[in-house]
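Observations on the three-dimensional arrangement
Here's the letter readout for the chains.
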Amino acid sequence: MRVDLYDIDSTVVFGEFTPRPGGSQFYGVPQDEHLGHLWERAHARVLKDAMDGKEFGLRYGPGPRELLIGDKVYLP
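The notes below deal with the structure included here. (Residues numbered from 1 in each chain as written. Predicted model: local features only at pLDDT ≥ 70, side-chain atom pairs only at ≥ 80, totals over all residues. Heavy atoms only, no water.)

1. Some remarks on the overall build of the protein
When helices and strands are tallied, the protein shows one helix and four strands. The C-alpha radius of gyration computed for the protein amounts to 17 Å, which surpasses the reference 11 Å derived for 76 residues by more than 25%, pointing to a less compact arrangement than a globule. Seen along its three principal axes, the alpha-carbon backbone of the protein occupies a region of about 40 × 40 × 25 Å. Counting only residues that meet the buried cut, the protein has 8% of its 76 residues in that class. A separation threshold of at least 6 residues defines the contact pool for the protein, and within that pool the share at least 24 residues apart is 12%. In the structure as shown, the protein presents an accessible area of about 7100 Å², 59% of it carried by carbon and sulfur atoms. (Helix = DSSP H or I, 4+ residues; strand = E, 2+ residues; numbered from the N terminus. Rg over C-alpha atoms; globule rule 2.2 N^0.38 Å. Buried < 20%, exposed > 50% of the residue type's maximum accessible area, 1.4 Å probe, protein only. Contact = heavy atoms within 4.5 Å. Areas by Shrake-Rupley, 256 points an atom, 1.4 Å probe, with all protein chains shown as cover.)

Shown next as structure tokens:
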């Protein structure tokens, strides 16, 4: 289950529940272990960056970040 929530004007706004995002998937023990290892590696990188004095915060890629709701555009 995926739950989409948005931060709009410092308020949490519900988007939708998606029971099977991207279709049906199966996650067994091997997939769980693989995702756990990826999480631990990412966590270690964040801690290393913090210990090295790098700026701590979100970094965005080149894609669009805006969210269009009705006729209003919101940026995270």
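On we go.
2. Focus: the pattern of salt bridges
Opposite charge on two side chains permits pairing when their charged atoms draw close. A full pass over the atoms with the stated rule returns four salt bridges. Lys54 is paired through a salt bridge with Asp49; the nearest N and O atoms lie 3.6 Å apart. Each of the salt bridges in this network shares a partner with another, and the network as a whole consists of Arg2, Asp4 and Glu16. (Salt bridge = Lys/Arg side-chain N within 4 Å of Asp/Glu carboxyl O.)

3. Quick word on the pairing of strand β2 (residues 11-18)
Alignment of strand β1 (residues 2-8) against β2, held across seven bridges, turns out to be antiparallel. Residue pairing in the sheet places Val3 in a bridge with Phe17 of β2. Count of turn residues in the β1/β2 antiparallel hairpin: two residues, of which Asp9 carries a positive phi of about 50°. (Pairing = 2+ DSSP bridges.)

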